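# Commentary on secondary and tertiary structure
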Amino acid sequence: PTDASLPRAQRPPRPAPRVLASMTTTAVTVALAPAAPHVAATRRHPQPTPNRRARAGVVAKAVEIEPDGVLDDMPEGAPSPPAPEPIAARTVSRAPLACPVSLQALDDAGYSPRNGLRYGKTDGIWDLTIGAATNARSSEPVSLRDLARSFLPPELRGLIPTSSYLGTSTFETPQVAFAYERGWRDSFARAGFPGPDEEFRLAQANLLPFAAGKCVVDASCGSGLFTRRFVKSGNYGCVVALDFSDAMLRQARTFATEEGLVDTEASSADEASNFMTSCSDLLFVRADIARIPMTSDSVGGVHAGAAIHCWPQPREAVAEIARVLEPGGAFCGTTFLTPQLPFADDETQQRVDAAMRELQAAVVGRAGGARGFRQWNKKDLRDLCVECGLVDFECDIRGGFIFFSARKPAAVA
């Protein structure tokens, strides 16, 4: 009988399985793909425990990898990763600063060859207002206000404003400069302002592409809310932060320094020698918006965010903006819109607003009203631009917010 026919208890035991005298180990290498590098992997068949020396001799060399995924020791024959594309150097243009008296260009030392006046900067801020020439300014206080300001440190002199117009003097104070980006500007949302990011997008769409690589002025820059965005964009050759308030400019420069936009070492060296940094892409200038210290036809674009309602002389200011713009350059800004009459056209709205301003001026006894701020309507803004020789007026209205823009006519060939 066969073993299978016998009862299980009577079957003979099966022979033990044969054990191979030696085991072979095969290393499988995974090829590296150029787009996504992988580590060379090894796969080993199981081996008996006693054969440790043989197993150690066939283990592939491990490839070290940096934490960022870059191979520290590329396997031989593996393709090298593609080299990063070179970043094109951005051209930095020189700010076309001018003497506020002659409106002729200043040299790098702030000197005007036309009239011999010399201007300087303090704490990184150029003072280019009329009467600020360092070689023609009286060192002695000439009024009680000047005397009182002389006893205060520079950062607190705004407590005694130099302007008598409330729309200007309010922003000369250091407390408003401090609060502007710490809650003050956020309150504009109640009037319909869409916020700095959307307002910057509107400005960029208007300034570019003409102003790309050129000098751009952030007029009435305040604490530099948009100045910093213009610099970070890298679209412009030079950004000039211009404001009448020394306190606002100090705050703007502080914020810019904290965000790494100001080379403090180079600025300190230039200030020690009273030299203008010819390769700087950011300058801070104290100036009157109605007397912009820049040469004619020299600026690629001007931005005035939430500013024109504070200007005591808006017609003179826009005329100055038109003067400094290059042919084809853009001017854009935002402001508060007057309460709109239901079903009223632009002409009717304009007439009603004019009547209200005249009534307010008669009651208060001063132009501009009690607060020194003026709301605007679309027709007034369009007429103002046309009076100053600007064309292609456009606007975007959202509640009590209005974004407006216009251009200087291109040069006739």
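Keep in mind it's a predicted model, so treat the numbers as computed, not measured.

## Observations concerning the packing of helix H10 (residues 346-364) against helix H11 (residues 378-387)
Interaxial distance between H10 and H11 falls to 8 Å at its minimum, and their mutual angle equals 90°. Taken together, the axis directions place H10 and H11 in an arrangement best described as roughly perpendicular. Here H10 contributes Asp-346, Glu-347, Gln-350 and Arg-357 to the contact with H11, which in turn contributes Lys-378, Lys-379, Asp-380, Arg-382 and Asp-383.

## Considerations on the environment of Arg-351
By the secondary structure assignment, Arg-351 is in helix H10. The exposed category is assigned to Arg-351, whose relative accessible area is 55%. Spatially, the C-alpha atoms of Arg-351 and Lys-379 are 9.9 Å apart, while their sequence positions differ by 28 residues.

## Some thoughts on unusual backbone geometry
Glycine aside, residues mostly have negative phi angles, and peptide bonds mostly take the trans form. Here Leu-208 and Pro-209 are connected by a cis peptide whose omega angle stands at 5°. Assignment of secondary structure puts Pro-209 in the loop between helix H5 (196-207) and strand S3 (215-219). The residue Ala-306 is not glycine, and still its phi comes out positive at about 50°. With respect to the secondary-structure elements, Ala-306 resides in the loop between strand S6 (299-304) and helix H9 (314-324). The buried category is assigned to Ala-306, whose relative accessible area is 10%. A positive phi angle, close to 60°, is found at Asp-392, a residue other than glycine.

## Re the environment of Cys-221
Note on placement: Cys-221 falls in the loop between S3 and helix H6 (227-233). For Cys-221, a relative accessible area of 7% gives the class buried. Through-space distance from the C-alpha of Cys-221 to that of His-303 is 8.6 Å; in sequence the pair is 82 residues apart. Those residues in contact with Cys-221, other than ones at most four positions away along the chain, are Thr-227, Ala-241, Leu-242, Asp-243 and Leu-249.

## Thoughts on the sheet that holds S6
Reading across from one edge, S1-S2-S5-S4-S3-S6-S7-S9-S8 is the order of the nine strands in this open sheet, with mixed pairing throughout. Looking at which strands have only one partner, the edges of the open sheet turn out to be strand S1 (121-122) and strand S8 (391-398). Here three bridges tie strand S2 (residues 125-127) to strand S5 (residues 282-286), and the two strands are oriented parallel to one another. Paired with Trp-126 across the strands is Val-285, a residue of S5. Here H11 sits on the sheet and contacts strand S7 (325-336), S8 and strand S9 (401-407); the angle it forms with S8, its principal contact strand, is near 160°.

Rules behind the numbers
Residues numbered from 1 in each chain as written. Predicted model: local features only at pLDDT ≥ 70, side-chain atom pairs only at ≥ 80, totals over all residues. Heavy atoms only, no water. Axes fitted to C-alpha atoms, helices over the stretch in contact; angles between N-to-C directions. Helix = DSSP H or I, 4+ residues; strand = E, 2+ residues; numbered from the N terminus. Parallel < 35°, antiparallel > 145°, perpendicular 65-115°, else oblique. Contact = heavy atoms within 4.5 Å. Buried < 20%, exposed > 50% of the residue type's maximum accessible area, 1.4 Å probe, protein only. Pairing = 2+ DSSP bridges.

The quantities given are spatial measurements derived from coordinates; they are silent on function.
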